[in-house]
Amino acid sequence: MERFSEAEALDLVQTVPVGRIVYSRFALPAVHVVNFRLDGRDVVFRTRKGSMFAAGVADTVVAFEVDRIDTTAHTGWSVTFLGRAKLVTDPAERERLGRLGVEPWAPGDRNHFIRVTTQSIVGRRIPHHDDEEE
């Protein structure tokens, strides 16, 4: 595995429409797939008001992972964001985030935004076998 820069990680992440948020639910690890957009270094996605998921991630430390894997070539990359998730309550900020184009894939009313305020970004790549040093 090789690491790559934060700038490259942010560029790659914008090419993938879904990621996985990792959080704690009932003191155990939980993973939820969401579609998202970046707002600078931060991850933004939408959810339903009052859902167990929204309650589970709001005001908590989370990880958010995005990847792209080529199973034929055995290559790929992964980017992990670490930060704190917050429910966005400010009306002006909600309006601004609405212009990012985060359109929920799941059915139902998902008009509440969660922002992962990023503290750390780590990008890793599985190189082509030809790229490895002997």
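Because the structure is predicted, anything quoted here is derived from the model rather than measured.

Chemist: Provide a residue-level description of the overall build of the chain, including the pertinent values.
Modeler: Secondary structure assignment for the chain yields 3 helices and 8 strands. Start at the N end of the chain and walk to the C end: the helices and strands fall as β-α-β-β-β-β-α-β-β-α-β. Considered along the principal axes of its C-alpha atoms, the chain spans approximately 55 × 35 × 30 Å. Classification of the 134 residues of the chain by burial places 40% in the buried group. The long-range fraction of contacts in the chain, counting pairs at least 24 apart against all pairs at least 6 apart in sequence, stands at 70%. Carbon and sulfur atoms make up 52% of the accessible area of the chain, which amounts to about 8100 Å² in all.

Chemist: I'd like to hear about the pairing of strand β5 (residues 42-47), residue by residue, with values.
Modeler: With 6 of 6 residues buried, β5 is to be regarded as a mostly interior element. Side chains Asp 42, Val 44 and Arg 46 project from β5 onto one buried face, and the interleaved Val 43, Phe 45 and Thr 47 project onto a second face that is buried too. Direction of pairing for strand β4 (residues 37-39) relative to β5: antiparallel, over a ladder of 3 bridges. Its bridge partner lying in β5, Leu 38 is registered against Val 43. From the end of β4 to the start of β5, which pair antiparallel, there are 2 residues, and Gly 40 there has a positive phi angle of about 70°. Pairing geometry for β5 and strand β8 (residues 112-126), over 5 bridges, is antiparallel. Looking at the pairing, Phe 45 lines up with Ile 114 of β8.

Chemist: I'd love a proper account of the confidence of the model for the chain, names of residues and values included.
Modeler: On average, residues of the chain carry a pLDDT of 89, and 96% of them reach 70 or more. Within the chain, no element has a lower average pLDDT than helix α2 (residues 52-57), which sits at 78, and none a higher one than β4, at 97.

Chemist: Give a detailed account of the environment of Glu 2, specifying residues and quantitative values.
Modeler: Examined against the element boundaries, Glu 2 turns out to sit in strand β1 (residues 2-4). Overall, Glu 2 belongs to the partly exposed group, its relative accessible area being 35%. In this structure, Glu 2 is in contact with Gly 123, Arg 124, Arg 125 and Pro 127, ignoring residues within four places of it in sequence.

Chemist: Describe the nonpolar core, listing the residues and the values that go with them.
Modeler: Counting 26 residues, the largest nonpolar core has Ile 21, Phe 36, Val 43, Phe 45, Phe 64, Val 79 and Phe 81 as the members making the most contacts within it. At the level of secondary structure, the elements contributing two or more residues to this core comprise α1 (6-13), β2 (18-25), β3 (28-35), β5, α2, β6 (60-70), β7 (75-87) and β8. With sequence-adjacent residues up to four places away left out, Phe 45 is seen in contact with Ile 21, Val 34, Asn 35, Phe 36, Phe 53, Val 102, His 112, Phe 113, Ile 114 and Val 116.

Chemist: Would you mind going over α1 in detail, with residue names and values included?
Modeler: Because an α-helix packs 3.6 residues into every turn, residues spaced three or four apart end up facing the same way. Along α1, the positions that sit buried rather than exposed are Ala 9, Leu 10, Leu 12 and Val 13. On an axial view of α1, the arc spanned by its buried residues comes to 165°, and they lie on one face. Seen from the open side of α1, the exposed residues pointing more than 90 degrees away from its buried face are Ala 7 and Asp 11.

Chemist: Residue-level account of the pattern of salt bridges, with values.
Modeler: Within this structure, the stated rule accounts for 13 salt bridges. With its nearest N and O atoms 2.2 Å apart, the salt bridge here joins Glu 8 to Arg 125. Of this pair, Glu 8 sits in helix α1 while Arg 125 sits in strand β8, and the two are 117 residues apart along the sequence. Overall, the relative accessible area of 30% leaves Glu 8 in the partly exposed class. Where salt bridges share partners, they join Asp 39, Asp 42, Glu 93, Arg 96 and Arg 115 into one cluster.

What counts and how
Residues numbered from 1 in each chain as written. Predicted model: local features only at pLDDT ≥ 70, side-chain atom pairs only at ≥ 80, totals over all residues. Heavy atoms only, no water. Helix = DSSP H or I, 4+ residues; strand = E, 2+ residues; numbered from the N terminus. Buried < 20%, exposed > 50% of the residue type's maximum accessible area, 1.4 Å probe, protein only. Contact = heavy atoms within 4.5 Å. Areas by Shrake-Rupley, 256 points an atom, 1.4 Å probe, with all protein chains shown as cover. Pairing = 2+ DSSP bridges. pLDDT = per-residue confidence, 0-100. Core = buried A, V, L, I, M, F, W, Y, C linked by side-chain atoms within 4.5 Å. Arc of directions from axis to C-beta. Salt bridge = Lys/Arg side-chain N within 4 Å of Asp/Glu carboxyl O.

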